Amino acid sequence: MPRGDGMLTHELDPQDRGPQDACGVFGIYAPEEEVSKLTYFGLYALQHRGQESAGIASSSGDKILVYKDMGLVSQVFDEGSLSALRGHIAVGHARYSTTGASTWANAQPTLGPTKHGTVALGHNGNLTNTHTLLDLVTERLGADRRASLEHGGATDTAILTALLGWDRYETVTETALELLPHVEGAYCLAFMDEETLYAARDPQGVRPLVLGRVPSGGWVVASETAALDIVGAIFEREVEPGEFLTIDASGVHSRHFAKAKPKGCVFEYVYLARPDTHINGRSLQAARVEMGRQLAREAPVEADMVMPTPESGTPAAVGYAQGSGIPFGQGLVKNAYVGRTFIQPSQTLRQLGIRLKLNPLREQIEGKRLVVVDDSIVRGNTQRAVVAMLRESGAAEVHLRISSPPIQWPCFYGIDFPTRDELIGVRMSVNEIRDHLGADSLSYISVEGMIAATEQAEERLCTACFTGEYPIEPPINAKHLLVNQPVEVTS
Ligand code: SF4
């Protein structure tokens, strides 16, 4: 069986993060609460969805204030900035850039003029028809506005914000209801003007968005139920695909701008959303544990211990241990904060490599046949370093089990996978990947097994990154990314 060759540098590879999510959004209308503080804690709960920049806009009914900057939520805000953000309405955003550069100018919420005031908008997802929307900008706002948007890099969020400023209608509600049917792709929007909180979800409902009730009176919309929990809001319901909400002193008003054609992202169940979040009634912790049980049924192996690649592999490893009867143990300790620092490691630290992130527990590993469970393999660099590290720590055998199928296709709906020629699942067969990673065996869960664990109907899920079956037409300028580039396989 192949072995780690001991020549690996185990360097911490900044390109080998897990799949990156587009963003987290949070909106609140609550007259009795300090809304900017609740938004801060809501964003704190959504930090895993975007770590590049954070922002909050607030209003007490007459003008919108916004504060945003590069960095983690806890780095961007302090007591001073939060207390300046007064009001009873707020929208917050934690950003990971899938379109547009990671710069202050692209941090959200984005601000734009409307006919009678200002709008502040936070967006999670990726639009697939920005070329059409830019044509709408020309038609409705003029060529100069389009030119200035394109000059500024024109993120899809900036284009939407500009289009909400069309002055044909009197209200933001009318403008949004006219605009949203033109918008294609994945989007969960939380936005506000001086007096009203708005929320919208694309007709496929690719990304999650939920509505919660604030016990003191008021409402919250958030990307995940975990963000409701942290601010003490009570889950009311999902925002429906194709639904537009207005929330003000008179309560929540719902309209549908398109027929729902649900295609929720299956990868939210596998990895993206927090395990303590529920999507469409399904606990993600329970779904991930079930994926592990299913893996144990599909790919059994004789071994002494089941261990996760922490943290994201943990629920599936628990499931694999339950399903196989092999004891669960921790073989690696994760330093939770190292991947989130802005300080680049020095050369010496880089050579320590993966140990900055993960450190082996030798006494747990030595002499054992290990089943190592992870949620996904993107480029494979981390798994390769983990296998080598476990062998150096005395593991007798290392069997990799992955709780999602091989990632084969790019995502156009807000998740930042590398291009096809960088995805190891495209470049190599499963056996080649096993050899490349230095594992004794490697198995992925089947597409059917993964879907069954979500307890969602197959036709209501997007599985495109595994199957290539795209529920929404990919952007016309991205078709070349679907071509299988000939690549040289290196080992
Ligand atoms: S392509 Fe994959 S990551 Fe993107 S929305 Fe579909 S299932 Fe989710």
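Computed from a predicted model, the values in this text were never measured in an experiment. (Residues numbered from 1 in each chain as written. Predicted model: local features only at pLDDT ≥ 70, side-chain atom pairs only at ≥ 80, totals over all residues. Heavy atoms only, no water.)

Caption draft 1: Just the site of the ligand, in detail. Around the ligand, the neighbouring residues are Val 206, Arg 207, Cys 265, Val 266, Phe 267, Cys 411, Tyr 413, Ile 415, Phe 417, Cys 462, Ala 464 and Cys 465. Elements with a contribution of two residues or more to the shell around the ligand: α9 (266–272) and α18 (464–467). Of the residues in the shell around the ligand, the class split is 11 nonpolar, no polar and one charged. (Near = heavy atom within 4 Å. Helix = DSSP H or I, 4+ residues; strand = E, 2+ residues; numbered from the N terminus. Nonpolar A, V, L, I, M, F, W, Y, C, P; charged D, E, K, R; others polar.)

Caption draft 2: Examining the nonpolar core more closely. Of all hydrophobic cores here, the largest spans 45 residues; its most connected members are Phe 267, Met 291, Val 306, Ile 407 and Tyr 413. With residues near it in sequence (within four places) discarded, Ile 407 still touches Phe 267, Ser 376, Ile 377, Val 378, Phe 417, Leu 423, Gly 425, Val 426, Cys 465 and Phe 466. Core analysis: the second largest hydrophobic core is formed by 26 residues, Leu 127, Leu 164, Ala 176 and Phe 191 among them. (Core = buried A, V, L, I, M, F, W, Y, C linked by side-chain atoms within 4.5 Å. Buried < 20%, exposed > 50% of the residue type's maximum accessible area, 1.4 Å probe, protein only. Contact = heavy atoms within 4.5 Å.)

Caption draft 3: Here's a closer look at the packing of helix α10 (residues 284–298) against helix α17 (residues 447–454). Viewed as axis vectors pointing N to C, α10 and α17 meet at an angle of 145°, and their least axial separation amounts to 8 Å. Where α10 crosses over α17, the two elements pack in a sense that is right-handed. Residue-level contacts link Ala 287, Glu 290, Met 291, Gln 294 and Glu 298 of α10 to Gly 449, Met 450, Ala 453 and Thr 454 of α17. For the contact of α10 with α17, the residue count by class is four nonpolar, three polar and two charged. (Axes fitted to C-alpha atoms, helices over the stretch in contact; angles between N-to-C directions. Left-handed = near helix turned anticlockwise from the far one by under 90°.)

Caption draft 4: Just the packing of aromatic side chains, in detail. A full pass over the atoms with the stated rule returns 13 aromatic pairs. Considering the side-chain rings of Trp 166 and Tyr 169, the 5.8 Å spacing of their centres and the 80° angle between planes classify their relative orientation as edge-to-face. Residue class for Tyr 169 comes out partly exposed when judged on its relative accessible area of 23%. Put simply, the rings of Tyr 40, Phe 41, Tyr 44, Tyr 67 and Phe 77 touch in pairs and so form one group of aromatic residues. (Phe/Tyr/Trp six-rings, centres within 6.5 Å; stacked < 30°, edge-to-face > 60°.)

Caption draft 5: Just the sheet that holds strand β22 (residues 441–444), in detail. One open sheet accounts for four strands, arranged β17-β20-β21-β22; its pairing is parallel. Each of the sheet's edge strands pairs with one partner strand only, and the pair in question is β17 (305–308) and β22. Strand-to-strand twist across the sheet, computed as the mean angle between neighbouring axes with direction ignored, equals 20°. Alignment of β17 against strand β20 (residues 369–374), held across four bridges, turns out to be parallel. (Pairing = 2+ DSSP bridges.)

Caption draft 6: How the structure looks around the pattern of salt bridges. Within this structure, the stated rule accounts for 23 salt bridges. Note that Arg 237 and Glu 243 form a salt bridge whose closest N and O atoms lie 2.8 Å from each other. The class for Glu 243 is buried, based on a relative accessible area of 1%. The closest approach of N and O atoms between Arg 369 and Glu 302, which form a salt bridge, is 3.7 Å. Here Arg 369 is found in strand β20, whereas its partner Glu 302 is found in the loop between α10 and β17, with 67 residues between them in sequence. Its relative accessible area of 26% is what places Arg 369 among the partly exposed residues. Several salt bridges share partner residues, and in doing so they unite Arg 49, Arg 207, Glu 224 and Glu 268 into one network. (Salt bridge = Lys/Arg side-chain N within 4 Å of Asp/Glu carboxyl O.)

Caption draft 7: Structural view of a negative patch on the surface. A cluster of acidic side chains, namely Glu 298, Glu 448, Glu 458, Glu 459 and Glu 469, defines a negative patch on the protein surface. Relative accessible area serves as the criterion here: at 32%, Glu 298 is assigned to the partly exposed category. (Patch = residues over 30% accessible without salt bridge, like charges linked within 9 Å, V, L, I, M, F, W, Y side chains within 5 Å. Areas by Shrake-Rupley, 256 points an atom, 1.4 Å probe, with all protein chains shown as cover. Lys, Arg positive; Asp, Glu negative; His and termini not counted. Charge placed at Lys NZ, Arg CZ, Asp CG, Glu CD.)

Caption draft 8: Main features of helix α4 (residues 130–141). Here α4 is 12 residues long and its end C-alpha atoms lie 15 Å apart, about the 16 Å a rise of 1.5 Å per residue gives. Looking at α4, one finds that the buried residues are Leu 133, Leu 134, Leu 136, Val 137 and Arg 140. Around the axis of α4, the buried residues are gathered within 155° of arc, so they sit on the same side. Elements that come into contact with the buried residues of α4 comprise β6 (118–127), α5 (143–151), α6 (156–163) and α7 (172–179). Once α4 finishes, Gly 142 follows within two positions and takes phi at roughly 105°, a positive value. (Expected span 1.5 Å × (residues − 1). Arc of directions from axis to C-beta.)

Caption draft 9: Structural context of the sheet that holds strand β4 (residues 89–95). Pairing is antiparallel across the open sheet formed by seven strands, whose spatial order is β3-β2-β4-β1-β10-β9-β11. In the strand order of this sheet, the two ends are held by β3 (64–70) and β11 (234–238), each with one partner. Taking the axes of each pair of neighbouring strands and ignoring which way they run, one obtains an average angle of 15° across the sheet. In the sheet, strand β1 (residues 23–29) pairs with β4 via seven bridges, with the strands oriented antiparallel. By the bridge assignment for β4, Gly 24 is matched with Ala 94.

Caption draft 10: Main features of the packing of α4 against α5. One way to put it is that α4 packs onto α5 with a least axis distance of 6 Å and a crossing angle of 140°. The orientation of α4 with respect to α5, classified from their angle, is oblique. Side by side, α4 and α5 meet where Leu 134, Asp 135, Val 137, Thr 138 and Leu 141 of the first sit next to Ala 143, Arg 145, Arg 146, Leu 149 and Glu 150 of the second. Across the contact of α4 with α5, the residue classes break down as five nonpolar, one polar and four charged. (Parallel < 35°, antiparallel > 145°, perpendicular 65-115°, else oblique.)

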